[in-house]
Amino acid sequence: MSPSFLCRRVGSLANVGKMFEISKTPMHFLQNNQLLMFRSFSSPIQHSFTVSYLINSCELSPETALSASRKIQFETPERADSVLELLRNYGCTNTHISKIVRRCPRLLTADPEKTLFPKLEFFHSVGFSGPELASIVIANPQILKRSLENHVIPCYNFLKSVVMVNENIVRALNKSYWLSGQSLENTVVPNIAILKKVGVPMSNISFLVTCHPTAVSQNNEKFSRSVKMVMEMRFDPMRVTFLKAVQVMVETSESKWEHKMDVYRQWGLTDEQIMSMIRLDPFCMQSSVKKVSSVMDFLVNKTDWEPAAIARYPTVILRSLEKKIIPRCSVVKVLQMKGLVKKDLCLSFLCKSEKDFLDKFVLKYEQDVPELLNVYQGKIGILELGLVSEKEDNTVVASQLYSSK
């Protein structure tokens, strides 16, 4: 622990009496009708002091307060008032406090000086305050009850060495893994060493640690085996897709992997084509069998796409069939029937962002097809435009099914 932090901690503790001065005035954040709603309850438990405090001082709804009261009970406000005051001193708003208490009601009975203050002061000393500090606590309030020396500081120092900037540390700490007490020395550190050894850039490792910590926290033997398999699949360690593949491998058992391979084979794809899909987007192996089958069935049997064409855009498998694939295919089909786009359009339109698709396929042609936006939103089907009969195109059926939902 740094000397500056210790000095600040001692100085702050000297004023702890003033910091935790108890307010004698109850705080009422809710409207009178909400209070009346609470008072209308008839159960003795629901009339308890704890429930009343959670509603009036922590902005919890009567239902949430009742649920929280099953985990915590107190008859006087002094300790809870001190906890709330301490959180406010470190920049937490009433909204932040409500979220924190909702997630961990027991925090209200923690010792403000001995348990909560040291952790809050540490985070403040390393540059976190206000919304940043609040987001860390909201993500997992239990961090304020963990050991400062044995958990919080080692965890922060490790993340600082890997992700470097506080902004990314906040993002990482918002993932519950870093607050769970897992051993960094026995899991994460050896796995990061493996990634460095095969040439993964530190910036990419930082991304993995920040956004997908569970992937790098696997058993060392399993992680090493997964990295070796990804290397054998000819992924480039310099690219982020390498880490995506590692993530998929460590989270997928051998039997599930082979079963998913069989599902793709059933649609006529060769092992070489499937491996090409995986190299383009490893997450295509994380979709459920039901999801893969439903997307392939629609694209192959309803819209006449070749499986090989789908394999060139594996991200399509990850898209929602009802919200993305069917509406977009309906729009494209209308444009093709109007002669406004080519018949052999590639499936990349299913991978575009919402804004790009609207700009390039809907708004661009709104003068030519005024009803196009309604088709996209499922308000009308292709049959209603009078362009084809149901027998002429299978897409019509799917589009009509979508528009009737």
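Up top you'll find the structure we're talking about.
This text gives an overview of the structure that appears in the document. Note that residues are indexed from 1 along each chain, following the sequence as it is written. In view of the model being predicted, local features appear only for residues whose pLDDT reaches at least 70, and side-chain atom pairs are presented and counted only at 80 or more, with totals across whole chains, interfaces and linings using the full set of residues. Hydrogens and water molecules were not included; the side-chain quantities draw on all heavy atoms of the structure.

## Observations concerning the packing of aromatic side chains
Next up, step 1: Here is the rule: rings of Phe, Tyr and Trp (six-membered ring for Trp) pair when centre to centre is within 6.5 Å. Planes less than 30 degrees apart are stacked, more than 60 are edge-to-face, and the remainder are tilted. Summed over the entire model, instances satisfying the criterion amount to 13 aromatic pairs.
Next up, step 2: Between phenylalanine 349 and phenylalanine 361, the ring centres sit 6.1 Å apart and the planes meet at 55°, which makes this aromatic pair tilted. Taken together, the positions of phenylalanine 349 in the loop between helix 20 (321-337) and helix 21 (354-362) and phenylalanine 361 in helix 21 put the pair twelve residues apart, joining distant regions of the chain. Neither residue differs from the other here; phenylalanine 349 and phenylalanine 361 are each classed as buried. Numbered from the N terminus, helices here are DSSP runs of H or I no shorter than four residues, and strands are runs of E no shorter than two. Working definition: with a 1.4 Å probe on protein chains only, accessible area under 20% of the residue-type maximum means buried, over 50% means exposed, and in between means partly exposed.

## With respect to the nonpolar core
Where a protein is soluble and globular, its nonpolar side chains tend to be buried together.
Next up, step 1: Grouping buried Ala, Val, Leu, Ile, Met, Phe, Trp, Tyr and Cys residues that are joined through side-chain atoms within 4.5 Å yields what is termed a nonpolar core. Judged by nonpolar contacts, the single largest core of 122 residues is most densely connected at Leu108, Leu195, Leu299 and Phe349.
Next up, step 2: Ranked by residue count, the leading element in this core is helix 10 (residues 148-163), at nine residues.
Next up, step 3: Sequence-distant contacts of leucine 195, that is, excluding residues within four places in its chain, are made with Val200, Ile205, Leu208, Val216, Phe223, Val227, Phe242 and Leu243. Should any heavy atoms of two residues lie within 4.5 Å, those residues are counted as being in contact.

## Concerning the pattern of salt bridges
Next up, step 1: Counted as salt bridges are all cases of a side-chain nitrogen of Lys or Arg within 4 Å of a carboxyl oxygen of Asp or Glu. Enumeration over the complete set of coordinates arrives at seven salt bridges.
Next up, step 2: Here glutamate 258 and arginine 265 are joined by a salt bridge, their closest N and O atoms 2.9 Å apart.
Next up, step 3: We classify arginine 265 as partly exposed; its relative accessible area is 27%.
Next up, step 4: One salt bridge connects glutamate 354 with arginine 328, and the closest N-O pair in it is separated by 3.3 Å. Of the two residues, glutamate 354 is situated in helix 21 and arginine 328 in helix 20; the sequence distance between them amounts to 26 residues.
Next up, step 5: The class for glutamate 354 is partly exposed, based on a relative accessible area of 32%.

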